[in-house]
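What the coordinates show
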Amino acid sequence: MPKIGLVGFGKIGQALASQILERGNQVVAVDIDPSIKDSLQDGRFETSEPGVGPVIVESFEAGRLSLHTEFAALSHCSAIIICVPLFVRDAQRGAGTIDFQPFDRCFASLADVVHNRILLSLETTVPIGTCRNRITRIFDRHGKAHGKDYLLAFSPERIMSNTMREQLLSNPKIVSGLTPEALDEVLAVYRSFFACGSRQTSLLYRNCRDDQALGNGLERCESWTG
Ligand SMILES: NC(=O)c1ccc[n+]([C@@H]2O[C@H](COP(=O)([O-])OP(=O)(O)OC[C@H]3O[C@@H](n4cnc5c(N)ncnc54)[C@H](O)[C@@H]3O)[C@@H](O)[C@H]2O)c1
């Protein structure tokens, strides 16, 4: 049974986990907050997301979902999905600054476990260039190389609170890869548990922005990327 790692077991992590578990996978989740595991162990686990709670509880009890605070638990996973938050200071004043420290620490910890071109897929909303210019440099500093030790992909935010499971089934996930190899890998992994279509992007843009030219351009790109 494929073992999928998840870093950050909050609202989005739990919704993604429930979908992945329902497709017959095992999930190994890492969260710095030990109270989530405690709540599952003593029957207090709660979520307001419809359709998520029962899958999480049943899978935990059946041993198909495990929770950890240490990143070493991820070392035997076939892919790792990252859903940790990015904190913004003083956002209410309009010109907030991003505190990357907790985010960077998470990738520094991941650097100790990546090997053999494991897929890492980032679900956190991040500034443009974060994968290429920030995350790869963290791995470089730890002696881990893209294409050899890991493959990096990004799946931007498409679902919102309160109907996450429903949206995961109805909204095609959009994915990108740092290299064509990373894109192939994320498509293969995500297609096994999500409605996943990079080819839907053009339709999405046409619908959202009423921009036929942009939609046509994207459609051409999608026919290259599959
Ligand atoms: N891809 C999508 O469709 C999508 C949808 C919604 C939200 N998001 C993104 O997901 C992120 C998380 O959202 P959420 O609603 O799940 O937040 P949340 O606050 O409910 O959960 C975040 C979890 O991450 C844990 N965490 C924080 N730092 C960590 C670290 N260094 N290592 C391990 N665990 C850590 C926290 O303890 C918490 O349990 C948001 O920042 C948002 O950008 C993506």
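Now for a quick tour of the structure. Computed from a prediction, not measured in an experiment: that's the story for all the values here.

Moving on to the site of the ligand. Taken together, 25 residues form the shell around the ligand, and within it Gly8, Gly10, Lys11, Ile12 and Thr125 come nearest. Going through the elements one at a time, α1 (11-22) and α4 (101-111) are the ones with two or more residues in the shell around the ligand. Class assignment for the residues of the shell around the ligand results in twelve nonpolar, six polar and seven charged.

For the rest of this paragraph, the subject is the packing of α4 against helix α5 (residues 130-141). As a packed pair, α4 and α5 sit with axes 9 Å apart at the nearest point and diverge in direction by 45°. Regarding the angle of α4 to α5, the classification is oblique. For α4 against α5, the interelement crossing comes out right-handed. Judged by residue contacts, Asp104, Phe107, Ala108 and Ala111 of α4 engage Ile135, Ile138 and Phe139 from α5. Split by residue class, the contact of α4 with α5 holds six nonpolar, no polar and one charged.

Let us look at the pairing of strand β8 (residues 150-154). Within β8, five of the five residues are buried, which leaves the element mostly enclosed by the surrounding structure. Side-chain alternation along β8 places Tyr150, Leu152 and Phe154 on one buried face and Leu151 and Ala153 on a second face that is also buried. Sheet topology places strand β7 (residues 118-122) next to β8; five bridges connect them, and they run parallel. Looking across to β8, one finds that isoleucine 118 is bridged to tyrosine 150. A crossover links β7 with its parallel partner β8, the connecting element being α5, and its sense is right-handed. Where β8 lies against strand β9 (residues 176-177), two bridges are found, and the strand directions are antiparallel. Across the sheet, residue alanine 153 finds its bridge partner in β9, namely glycine 177.

With mixed pairing, seven strands are arranged side by side in an open sheet as β3-β2-β1-β4-β7-β8-β9. Of all the strands in the sheet, the pair left with one neighbour each is β3 (65-68) and β9. Bridge count for strand β4 (residues 79-82) against β7 is four bridges, and the pairing is parallel. Counterpart to alanine 79 in the pairing with β7 is leucine 119. Sheet contacts for α1: β1 (3-7), β2 (26-30), β3 and β4; angle to β2, the most-contacted strand, approximately 165°.

What follows concerns helix α3 (residues 53-62). Of the residues making up α3, those classed as buried are Val55, Ile56, Ser59 and Phe60. Angular distribution of buried residues about the axis of α3 spans 125°; they occupy a single face of the element. Exposed and facing more than 90 degrees away from the buried side of α3 are Pro54, Glu61 and Ala62. Close packing links the buried residues of α3 with α1, α2 (35-41) and β3. Glycine 63 lies just past α3 and shows a positive phi near 80°.

Its place among the elements puts leucine 65 in strand β3. Residue classification places leucine 65 among the buried residues on the basis of 25 C-beta atoms within 10 Å. Once the C-alpha coordinates of leucine 65 and valine 28 are considered, the two residues, 37 residues apart in sequence, prove to be 5.9 Å apart. Setting aside its immediate chain neighbours within four residues, leucine 65 contacts Ala17, Leu21, Val27, Ala29, Ile56, Ser59 and Phe60.

Looking at soluble globular proteins, one finds that nonpolar side chains tend to be buried together. Grouped together as the largest cluster of nonpolar side chains are 52 residues, with contacts concentrated most on Leu6, Ala17, Val27, Ala29, Ile80 and Leu120. Ranked by residues supplied to this core, first place goes to α1 with six residues. With sequence-adjacent residues up to four places away left out, leucine 120 is seen in contact with Ile80, Ile82, Leu110, Val114, Tyr150 and Leu152.

Another aspect to go through is the packing of α1 against α3. Helix packing geometry: the angle between the two helix axes and the distance between the axes. Contact geometry for α1 and α3: axes closest at 9 Å, N-to-C directions at 65°. At the point where α1 passes α3, the crossing takes the left-handed sense. In this structure, α1 uses Gln14, Ala17, Ser18, Leu21 and Glu22 to contact α3, whose residues at the interface are Val55, Ile56 and Ser59. Here the residues of the contact of α1 with α3 sort into four nonpolar, three polar and one charged.

So, how was this worked out
Throughout, a residue's number is its position along its own chain's written sequence, starting from 1. Given that the model is predicted, a residue must reach a pLDDT of at least 70 before its local features are reported, and side-chain atom pairs must reach 80 or more before they are shown or counted; all residues, however, enter totals for whole chains, interfaces and linings. Contact assignment follows one rule, namely that a residue is near a molecule or strand if its backbone-placed C-beta atom lies within 6 Å of it. Put simply, DSSP marks the helices as runs of H or I at least four residues long and the strands as runs of E at least two long, and each gets a number from the N terminus on. In this count, Pro and Cys sit with the nonpolar residues alongside Ala, Val, Leu, Ile, Met, Phe, Trp and Tyr, while Asp, Glu, Lys and Arg are called charged and the others, Gly among them, polar. Helix axes are fitted only over the stretch in contact, all axes being lines through C-alpha atoms; the angle between N-to-C directions runs from 0 to 180 degrees. Throughout this description, any angle smaller than 35 degrees is read as roughly parallel, any larger than 145 degrees as roughly antiparallel, any in the 65 to 115 degree range as roughly perpendicular, and the remainder as oblique. Note on convention: the crossing is left-handed when the near helix lies turned anticlockwise from the far helix by less than a right angle, right-handed when the turn is clockwise. Any pair of residues counts as being in contact when their C-beta atoms, constructed from backbone geometry, are within 7 Å of one another. Put plainly, a residue is buried at 20 or more neighbouring C-beta atoms within 10 Å of its own, exposed at 12 or fewer, and partly exposed in between, counting only other residues' C-beta atoms, which are placed from the backbone. Any two strands with at least two DSSP-identified bridges between them are counted as paired. For the handedness criterion, the strands are oriented away from the viewer, and a crossover whose path from the first strand over the helix to the second runs clockwise is classed as right-handed. This arc is built from the directions going out from the helix axis to the C-beta atoms. By convention in this section, buried Ala, Val, Leu, Ile, Met, Phe, Trp, Tyr and Cys residues joined through C-beta atoms within 7 Å make up a nonpolar core.

Any functional reading would require information that these geometric values do not contain.
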